[in-house]
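Residues per chain are reported as follows:
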Amino acid sequence: KKFFSKHKIKIKLEYSKTKFTSFSRNDQFGVEIYSSREAMDSRFKEIEKQEIVNEDASGAAIVNRGLSLVSFHELKSESEFCKLAAATICHEQLHQLGLWHTNEFRPEIKGYQDDKGITNIMRGGIADFEKSPVGYDISSMQEKLIHSYVGKGNAYRAFFIESGRDFVNYLDRIARENSLG
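Residues numbered from 1 in each chain as written. Predicted model: local features only at pLDDT ≥ 70, side-chain atom pairs only at ≥ 80, totals over all residues. Heavy atoms only, no water.

1. Overview of helix 4 (residues 140-150)
- The set of residues buried in helix 4 consists of Gln142, Glu143, Leu145, Ile146, Ser148 and Tyr149.
- Lys152 lies just past helix 4 and shows a positive phi near 60 degrees. (Buried < 20%, exposed > 50% of the residue type's maximum accessible area, 1.4 Å probe, protein only. Helix = DSSP H or I, 4+ residues; strand = E, 2+ residues; numbered from the N terminus.)

2. Comments concerning the sheet that holds strand 1 (residues 30-34)
- Spatially, the 3 strands line up as an open sheet ordered 1-3-2, and their pairing is mixed. The open sheet has two free edges, formed respectively by strand 1 and strand 2 (59-62), since each of these has just one partner strand. Across the sheet, the mean angle separating the axes of adjacent strands is 15 degrees when strand polarity is ignored.
- Judged from the 4 bridges that link them, strand 2 and strand 3 (residues 67-71) form a sheet pairing that is antiparallel. Residue Ile62 lies in a different strand from strand 3, and its bridge partner there is Leu67.
- Contacts from helix 2 (residues 37-48) reach strand 1, strand 2 and strand 3 within the one sheet, and its direction differs from that of strand 3 by about 160 degrees. (Pairing = 2+ DSSP bridges. Axes fitted to C-alpha atoms, helices over the stretch in contact; angles between N-to-C directions. Contact = heavy atoms within 4.5 Å.)

3. Focus on the packing of aromatic side chains
- Using the criterion set out here, one finds 2 aromatic pairs in the structure.
- For the pair Phe3 and Phe4, a centre-to-centre distance of 5.5 Å together with 90 degrees between the ring planes defines the contact as edge-to-face. Phe4 shares its class with Phe3; the two are buried. (Phe/Tyr/Trp six-rings, centres within 6.5 Å; stacked < 30°, edge-to-face > 60°.)

4. A few points about the nonpolar core
- With 26 residues, the main nonpolar core has Phe3, Leu94, Ile121 and Tyr170 as its most contacted residues.
- Of all the secondary structure elements, the ones that give two or more residues to this core are helix 1 (2-6), helix 3 (78-96), helix 4, helix 5 (154-162) and helix 6 (167-177).
- Excluding anything up to four places from it in sequence, Phe3 contacts Cys90, Leu94, Ile121, Ser132, Pro133, Val134, Tyr136, Asp137 and Ile138. (Core = buried A, V, L, I, M, F, W, Y, C linked by side-chain atoms within 4.5 Å.)

5. A look at the pairing of strand 1
- The alternating pattern of strand 1 places Gly30, Glu32 and Tyr34 on a buried face, while none of Val31 and Ile33, on the opposite face, is buried.
- Sheet topology note: the strand 1/strand 3 ladder contains 5 bridges and is parallel. Opposite Gly30, over in strand 3, you have Leu67 as the bridge partner.

6. Some remarks on the environment of Asp137
- Mapped onto the fold, Asp137 is located in the loop between helix 3 and helix 4.
- The buried category is assigned to Asp137, whose relative accessible area is 4%.
- Sequence separation between Asp137 and Ile118 is 19 residues, and the spatial gap between their C-alpha atoms is 6.3 Å.

7. As for the pattern of salt bridges
- Evaluation of the coordinates by the stated rule reveals 6 salt bridges.
- With a shortest N-O distance of 2.8 Å, Asp137 and Lys6 are connected by a salt bridge. Linking Asp137 in the loop between helix 3 and helix 4 with Lys6 in helix 1, this pair joins segments that are 131 residues apart in sequence.
- Among the salt bridges present, the one from Arg43 reaches Glu32, with a minimum N-O distance of 2.8 Å. One end of the pair, Arg43, is in helix 2; the other, Glu32, is in strand 1, with 11 residues separating them in the sequence.
- For Arg43, a relative accessible area of 6% gives the class buried.
- Here Glu32 falls in the buried class, since its relative accessible area comes to 5%.
- Bridged by salt links that share partners, the residues Lys19, Glu32, Arg43 and Glu46 form one connected network. (Salt bridge = Lys/Arg side-chain N within 4 Å of Asp/Glu carboxyl O.)

8. What about helix 2?
- Between its first and last C-alpha atoms helix 2 spans 16 Å; for 12 residues at 1.5 Å apiece the expected length is 16 Å, and the two agree.
- Among all positions in helix 2, only Arg37, Met40, Arg43, Phe44 and Ile47 are buried. Here the buried residues of helix 2 occupy an arc of 130 degrees about the axis, which is enough to place them on one side.
- Those residues of helix 2 that are buried lie in contact with strand 1, strand 2 and strand 3.
- Phi turns positive one or two residues past the end of helix 2, at Lys49, with a value near 60 degrees. (Expected span 1.5 Å × (residues − 1). Arc of directions from axis to C-beta.)

Geometry only, nothing functional implied.
In C-alpha cells, the structure reads:
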C-alpha cells in the first residue's frame, strides 16, 4: 500500500478465498497468490488456454481480465517472502494500470526508464529497500501514465477503447504513436 500511496494512487484491498473471474472496470483488479509455480501455471492455462512464456516468472498479468497471478515458490525466508511478494504484486498490478516492461521497446521510450536513482520495478534487478518499501520505484513518466489511465485520459483510451483491452494491441499502438515499431 505504501508504494501506491507514494505515487498518489488510492487502493482498497479486499481479500477472497475464491478464484476471480474477470474485472471490467479500470479501477478494479484481482490478485491470486499461489504457493507453487505449477499451480500458477495451471491457473494461467485454465484462463488463457496457453502456457506462461517466461519460465522464470513469479507472476503473470492477464490484463484483458484485470487479473494477476503470483507464485512464491523459491523463497528462502519469511523476510525475503514479504519483500519479494510486495514487489511482485506491485509489478503485476502496474501491468493492470497500463505499464509495460522497460525493455519492451527498442529504442527505449525517453523518460520511461529510471529517473529517481533506484531500479525500476518494471525492469527488475537489485532491490534497494532503503529507498522504497518494495525495493524498486517507477519513473515520473510512468507515474503520469498511471494517473492518465486511472483518470480515463490518453493511456486509458489507448488501452481500453483503441486496443480492446488487449495488452499486445496496446503496446503496438504505443509503439506506432511514438514511432518505435
